[in-house]
2 protein chains.
Amino acid sequence: MKPLSGRVTSLDVAALAGVSQSAVSRAFTEGSSISEAKRKAILDAALKLNYVPNSIASSLTTRRTNMVAVILGNLDNPFYVQVLKALITRLQARGVQILTFTVKNGSNSDDALMRVLRYQVDGIILTSAQLSTRMTGICHDRGIPIVLFNRYIPGSSASGVRCDNAAGGRLMAEALLGAGARSFALLKGDPNGTTSQDRQRGFTDCLLERGIPPADILELEGQSTYDGGHAATLRAFLDERHPIPDAIFGINDIMAMGAMDALRGEMGVKIPADLMVGGFDNIDEADRWPYRLTTVRQPVDEMTEEALNLLDLDNPGAAIQPGIDIKVPGRIVWRSTIPRPVDL
Amino acid sequence: MKPLSGRVTSLDVAALAGVSQSAVSRAFTEGSSISEAKRKAILDAALKLNYVPNSIASSLTTRRTNMVAVILGNLDNPFYVQVLKALITRLQARGVQILTFTVKNGSNSDDALMRVLRYQVDGIILTSAQLSTRMTGICHDRGIPIVLFNRYIPGSSASGVRCDNAAGGRLMAEALLGAGARSFALLKGDPNGTTSQDRQRGFTDCLLERGIPPADILELEGQSTYDGGHAATLRAFLDERHPIPDAIFGINDIMAMGAMDALRGEMGVKIPADLMVGGFDNIDEADRWPYRLTTVRQPVDEMTEEALNLLDLDNPGAAIQPGIDIKVPGRIVWRSTIPRPVDL
DNA sequence: GTGAAAGCGCTAACAG
DNA sequence: CTGTTAGCGCTTTCAC
């Protein structure tokens, strides 16, 4: 008997169990017709040989790899770590493997996609980067569903889930206005990201509608990072280049946290007494003692759930639906960086 | 001509370019002998057809998938996010795909490993969970290298890289002692993790050697999480069950941060005036204004580098070396939670 | 329910 | 340098 070394194939198992090779295949396939006795015998033999079915080989015929690619941008933002965690948990539970990829924020995803396409993934989840229409086309032709997470490509046929970012921006504007703020700073994120743009637009539009003059809305580039938010805040206010406004809105929590640390740590500003701060995402850190940040919560679980629904892994052949764009609402989580109006 | 739909194979490209199928294969293989002219023509045809080589199929013959499995535990600990990031960056640069897997901390990795083995990964990096000798054996037999990150399995033949955790624990003990602390609390992590045990041991041993009575070293279970550290601290000190010690050592930064927030936020303790705090890892957050945590730095880049060296992806066939255990030293990063002795 | 045989898309000798 | 020919390990008709 061949010892337990090198590759053990279904043929080896078949030999040991005294059955045909196809029987072995059947024994390892849910719901294929094989007698219980034979299956048992085969599984026994397999265990004895430490046999593990080769998914790569089976993918070749089934045309399914049971792998999904997750394209990530900024893992420095805990929000996306949270998204990754949620995705892993859900996919793993379904027995789906995850091919992880990172792409510089705002850059093109073509290279990454080309690479994952080689691996014949069953689906792609894009949480970052731009998506070219060429790639959309290629994926579509190959029947590979692609879901955009928290972004959309205007005019693209790709589906996606996102938080209603514009509405969320308005929510924050209302909250700040309601707390008495009349002058504002806005920490913007990745300029190419629709997420950042939408939040910003919702926020600004609402303010403008309520009669805030544009001059009282200062825009700062925070690059979607802690350090970016920190630095932008320092740059704008430390040397009194600008008067400190009543409120600052970080397009995401991590920038808002950077701003808070700059404000309190370097400038001795009291929050919310001297200035209010709003964030967006509701990452775990936002709830911690140093921050207790009032923010707009993104329902990560709901969003990842929807993303996987859109991927529709159970219906491989299914014609890819064109451009479904799911928007889930966010809501304000009141903590201590914005005084909460009593009437709420 | 078959339109750009469905699967395009090397055969289609061959037909369009008027060459043999193997020529197409060669055109896409680095350093195989093919005339530049022919290669160009083939690449052209491929582009026209949106052809993407099927890695799954090629893996079947080459016996290499160019995929590495990364088994993760606790993504709630930013340290492991940092590790993941470093791993992704390095592997991606080498054109290696990453199969991500999470496993509950401290639990057995057998299931996860069995699953990734099906995918014929070229290597496995384990940053969490236990490794059974059975799995070690199976991987060894199949010629799949497995590298343990920041853990080791006593008596196992698996290789690994880790920070010199025991020495790091001693370093922290010295630092605290040097700053005048004489009574201590120790926030322990995952009881099954050798990492936590080693740090704890180094710390305690050093204290004991210096004449600190065991009674003055209070052990707390922090579960390796922020919430765990926070809760354990509250539980121990809030109701005066124990007097507040001179210093508290969090086996990792995230627990230390939880403790700091509990101490200052809920108990009004001043750090370091009333109590000093030490951490371990040097995660990004430790450097932020609310914390400025003095901690033992783990050199993540160096460690991931070494881990990949051990994986030795370039030498597929190479007999797996038995149990190399690389220890890289950590060092104290002085910030403000422990007063720094002047003589340093 | 079960075995034989024909591929899945590619690489790797092997001749030329 | 190039085409031909066998497989890689598995799933899947197709008869029995």
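Residues numbered from 1 in each chain as written. Chains lettered and ligands numbered in written order. Predicted model: local features only at pLDDT ≥ 70, side-chain atom pairs only at ≥ 80, totals over all residues. Heavy atoms only, no water.

As annotated in an unreviewed UniProt entry, chain A carries the name DNA-binding transcriptional regulator, LacI/PurR family and is attributed to Salipiger marinus.

Asks: How should the packing of helix H5 (residues 78-93) of chain A against helix H12 (residues 300-311) of chain A be read in this particular structure?
Replies: For any two helices packed against each other, one specifies the crossing angle of their axes together with the interaxial distance. Residues and elements named next belong to chain A. Packing of H5 against H12 leaves a shortest axis separation of 10 Å and a crossing angle of 50°. The angle between H5 and H12 places the two elements in the oblique class. Crossing angle aside, the handedness with which H5 passes H12 is right-handed. The residues of H12 that touch H5, namely those facing Phe79, Gln82, Val83, Ala86, Leu87, Arg90 and Leu91, are Val300, Asp301, Thr304, Glu305 and Leu308. (Axes fitted to C-alpha atoms, helices over the stretch in contact; angles between N-to-C directions. Helix = DSSP H or I, 4+ residues; strand = E, 2+ residues; numbered from the N terminus. Parallel < 35°, antiparallel > 145°, perpendicular 65-115°, else oblique. Left-handed = near helix turned anticlockwise from the far one by under 90°. Contact = heavy atoms within 4.5 Å.)

Asks: Whenever I open this one, the protein's contact with DNA strand D confuses me. Can you help?
Replies: In the vicinity of DNA strand D, 26 residues are found, and the nearest of them are Ser10 and Ser25 of chain A together with Ser22, Arg26 and Ser33 of chain B. Backbone atoms, meaning sugar plus phosphate, form 64% of the atoms of DNA strand D positioned within 4 Å of the protein. Between DNA strand D and Ser20 of chain B, the relevant distance is 3.1 Å, taken from a phosphate oxygen to a side-chain nitrogen or oxygen of the residue. Of all the secondary-structure elements, those providing two or more residues to the surface near DNA strand D are helix H2 (21-27) and helix H4 (55-62) of chain A together with helix H2 (21-27) and helix H4 (55-62) of chain B. Top contributing element to the surface near DNA strand D by residue count: H4 of chain A, with five residues. Split by residue class, the surface near DNA strand D holds seven nonpolar, 14 polar and five charged. (Near = heavy atom within 4 Å. Polar contact = N/O pair within 3.5 Å; in protein donor to acceptor, adjacent residues only side chain to side chain. Nonpolar A, V, L, I, M, F, W, Y, C, P; charged D, E, K, R; others polar.)

Asks: Looking at this model, I keep getting lost on the pairing of strand E4 (residues 146-149) of chain A. Mind explaining?
Replies: Consecutive residues of a regular strand have side chains that alternate between opposite faces of the sheet. Residues and elements named next belong to chain A. Of the two faces of E4, the one lined by Ile146 and Leu148 and the one lined by Val147 and Phe149 are each fully buried. Handedness of the strand E3 (residues 123-126)-helix H7 (residues 133-141)-E4 crossover: right-handed. As judged from the three bridges shared by E4 and strand E5 (residues 159-163), these two strands associate in the parallel manner. Within E5, the position partnered with Val147 by the bridge is Ser159. (Buried < 20%, exposed > 50% of the residue type's maximum accessible area, 1.4 Å probe, protein only. Right-handed = clockwise from strand over helix to strand, strands pointing away. Pairing = 2+ DSSP bridges.)

Asks: Is there a simple way to think about the packing of aromatic side chains in this case?
Replies: For any pair of aromatic rings, geometry is given as the distance between the ring centres together with the angle between the planes. Scanning the entire structure with this criterion turns up eight aromatic pairs over all chains. Each ring, one from Phe28 of chain A and one from Tyr51 of chain A, has its centre 5.4 Å from the other, and the planes form 70°; the classification is edge-to-face. With Phe28 of chain A in the loop between H2 and helix H3 (36-49) and Tyr51 of chain A in the loop between H3 and H4, this residue pair connects regions lying 23 residues apart in the sequence. Residue Tyr51 of chain A is classed as buried on the basis of its relative accessible area of 13%. Measuring from centroid to centroid gives 5.1 Å for Phe79 of chain B and Tyr80 of chain B, while their planes differ by 80°, and the two rings are edge-to-face. Owing to a relative accessible area of 11%, Tyr80 of chain B belongs among the buried residues under this scheme. Residue placement shows Arg199 of chain B over the ring face of Phe280 of chain B; its charged tip is 3.8 Å from the ring centre. (Phe/Tyr/Trp six-rings, centres within 6.5 Å; stacked < 30°, edge-to-face > 60°. Lys NZ or Arg CZ within 6 Å of the ring centre and 35° of its normal.)

Asks: Which parts of the structure should I look at to understand the protein's contact with DNA strand C?
Replies: Near DNA strand C there are 26 residues, and of these Arg26 and Ser33 of chain A together with Ser10, Ser25 and Tyr51 of chain B occur at the shortest range. Taking all atoms of DNA strand C within 4 Å of the protein, the share assigned to sugar and phosphate is 68%. Ser20 of chain A is positioned such that a nitrogen or oxygen atom in its side chain is 3.0 Å from a phosphate oxygen of DNA strand C. Between DNA strand C and Ser22 of chain A there is a distance of 3.5 Å, counted from a base nitrogen to a side-chain nitrogen or oxygen. Contributing elements (two or more residues each) for the surface near DNA strand C: H2 and H4 of chain A together with H2 and H4 of chain B. Take the surface near DNA strand C: its biggest share by element is five residues, from H4 of chain B. Its residues assigned to classes, the surface near DNA strand C shows seven nonpolar, 14 polar and five charged.

Asks: Help me understand the relation of the copies chain B and chain A, please; the structure alone is not making it clear to me.
Replies: What connects the two chain copies is a rotation about an axis and a shift along it. When chain B is brought onto chain A, the operation consists of a screw motion whose angular component is 180° and whose axial shift is 0.0 Å, with 0.1 Å RMSD remaining. These values place the two chain copies in the arrangement generated by a two-fold rotation axis. The C-alpha atom lying nearest the rotation axis in chain B is that of Leu99 of chain B; the distance is 2.4 Å. Here 100% of the interface residues in chain B have copies in chain A that are interface residues too; the copies meet face to matching face. (Least-squares fit on C-alpha atoms with pLDDT ≥ 70 in both.)

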